Amino acid sequence: MFSLGRAFVPAATRAFSTSAPRSTKVAVLGAAGGIGQPLSLLLKQSPLISQLSLYDIVNTPGVAADIAHINTDSKVTGYTPENNGLATALKDSHIVVIPAGVPRKPGMTRDDLFNTNAGIVRDLAIACAEHCPKAHILVISNPVNSTVPIVAEVFKKKGAFDPRRLFGVTTLDVVRASRFVSELKGVSCEDAKVTVVGGHSGVTIVPLLSQVPNGITIAETGAETEALIKRIQFGGDEVVKAKDGKGSATLSMAFAGARFTQSLLRATVGKETGVVEPTFVQSPVMADKGVEYFATNVELGPDGVKNIQGLGSLSASEEKLIEAAVPELQKNIAKGVAFVNGSD
Ligand code: NAD
Ligand code: LMR
């Protein structure tokens with residue numbers, strides 16, 4: 001097995017790799033897509049997964065057959081909608097990762113994906129609530145600020161909602177922020193740790209650059225800082241533009257999605273303590289501003305969300321960035337909630 005570095009396979013996890021893993025099934029919905037394929041490839045390397053269950057509306061048998069030849073111990077199974085495939089794919093899953101749905105093209109916002117992806121995510125969430133109601137659900141499909149509330153509302157209707165087990169995957173924002181700071185400051189990515197809070201689109205992505213540790217100093221204001229913030233907030237657009245109509249970030253997203261999944265496995269199956277990842281969850285942090293879901297660093301534990309960290313001390317500029325994110329988040333979240341509750 002090749003190593004993806006400490007962020008993906010930490011020493012504590014490698015300790016499990018010599019023995020057969022416990023029975024831990026991870027399902028990927030949208031597994032044949034641009035994210036789904038490399039994400040499944042990366043997850044095949046996790047010693048904490050015993051069954052990798054790949055579901056898509058097309059092409060999954062080929063993807064599963066291909067990945068199944070990799071000589072790690074997990075069993076790989078592939079499903080399409082035929083023969084009750086979704087139910088079988090989900091049954092007994094510990095984690096379900098959802099990158100199903102359409103990606104952006106140049107000129108589109110993530111919210112422009114809502115009309116197509118909201119229905120896809122709602123229907124997959126219904127299936128999850130029916131076939132694996134206790135699973136941890138990791139939502140990658142955009143617009144994340146709306147698709148996470150969609151999953152929550154579906155689970156609430158089924159009487160199965162546990163806010164500790166629903167996560168919007170915002171890991172790519174911190175992965176990008178770390179890389180951009182490391183390039184700008186000429187430091188290692190290991191040192192360039194950036195906390196990013198808020199949501200996952202444009203102005204709702206709020207990097208807290210005043211909190212970057214390890215002696216890396218970033219001015220509160222000025223052209224360089226403004227450009228850095230803009231690049232972190234609109235990093236997705238950079239990829240959409242470069243791919244020129246052929247989709248959005250897939251490879252860096254697969255890396256980020258695998259990192260988050262592996263962190264959750266370390267906390268839940270590996271019983272490792274002190275595992276912290278940023279994620280968009282039902283959160284008290286901005287509840288007094290009418291924002292029910294918000295991304296911050298979250299300590300993960302045996303049941304999923306263990307401790308939602310606060311914002312820490314903010315600069316005046318960061319306070320303003322958060323103020324700008326609030327109305328957009330309120331709108332995105334309300335749209336997701338209304339979609340489910342208006343579709344009875
Ligand atoms: P893609 O089109 O390459 O793949 C999507 C896959 O979903 C396809 O294989 C398609 O067949 C499948 N699919 C469609 N409907 C389905 C259904 N009902 N059930 C199961 N599978 C279904 O797109 P992609 O590049 O992989 O992106 C997927 C989503 O992830 C997009 O919405 C994109 O915006 C989002 N995304 C999110 C982040 C993030 O940081 N959270 C990052 C990148 C992309
Ligand atoms: C990203 O941040 O790369 C994703 O949300 C995909 C996109 O549409 O930009």
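A quick note: this is a predicted structure, and the numbers were derived from the prediction, not measured. (Residues numbered from 1 in each chain as written. Chains lettered and ligands numbered in written order. Predicted model: local features only at pLDDT ≥ 70, side-chain atom pairs only at ≥ 80, totals over all residues. Heavy atoms only, no water.)

A. Representation of the overall build of the protein. When you go through the protein residue by residue, the secondary structure sums to eleven helices and eleven strands. In terms of C-alpha radius of gyration, the protein reaches 19 Å, essentially the compact-globule figure of 20 Å for 344 residues. Taken along its principal axes, the extent of the C-alpha atoms in the protein is 55 × 50 × 40 Å. Relative to all contacts within the protein whose residues are 6 or more apart in sequence, the contacts with residues 24 or more apart total 72%. Total accessible area computed for the protein in this model is approximately 14,400 Å², and 53% of it derives from carbon and sulfur atoms. Between the mean site of the 34 positive side-chain charges and the mean site of the 32 negative ones, the protein shows a separation of 4 Å. (Helix = DSSP H or I, 4+ residues; strand = E, 2+ residues; numbered from the N terminus. Rg over C-alpha atoms; globule rule 2.2 N^0.38 Å. Contact = heavy atoms within 4.5 Å. Areas by Shrake-Rupley, 256 points an atom, 1.4 Å probe, with all protein chains shown as cover. Lys, Arg positive; Asp, Glu negative; His and termini not counted. Charge placed at Lys NZ, Arg CZ, Asp CG, Glu CD.)

B. Region of the structure containing the side chain of T171. Among the structural elements, T171 can be located in helix 7 (residues 171-185). In this structure T171 comes out as buried when scored by relative accessible area, which is 0%. Ignoring anything within four residues of it in the chain, the contact list for T171 reads A256, R259, F260 and E277. (Buried < 20%, exposed > 50% of the residue type's maximum accessible area, 1.4 Å probe, protein only.)

C. Spatial organisation of the UniProt feature "domain: Lactate/malate dehydrogenase C-terminal" (unreviewed entry) in the protein. Here the UniProt feature "domain: Lactate/malate dehydrogenase C-terminal" (unreviewed entry) sits at residues 170-340. With 46% helix and 18% strand, the stretch residues 170-340 has end C-alpha atoms that lie 22 Å from each other. (UniProt positions renumbered as here; feature names shortened; annotations may be inferred.)

D. The arrangement of the pairing of strand 8 (residues 205-208) in detail. Residues of strand 8 alternate between two faces, with I205 and P207 on one and V206 and L208 on the opposite face, all of them buried. Pairing between strand 7 (residues 195-198) and strand 8: four bridges, direction antiparallel. Paired with V197 across the two strands is V206, which belongs to strand 8. Counted along the chain from strand 7 to the antiparallel partner strand 8, the turn is six residues long, and its residue G202 has a positive phi close to 40°. (Pairing = 2+ DSSP bridges.)

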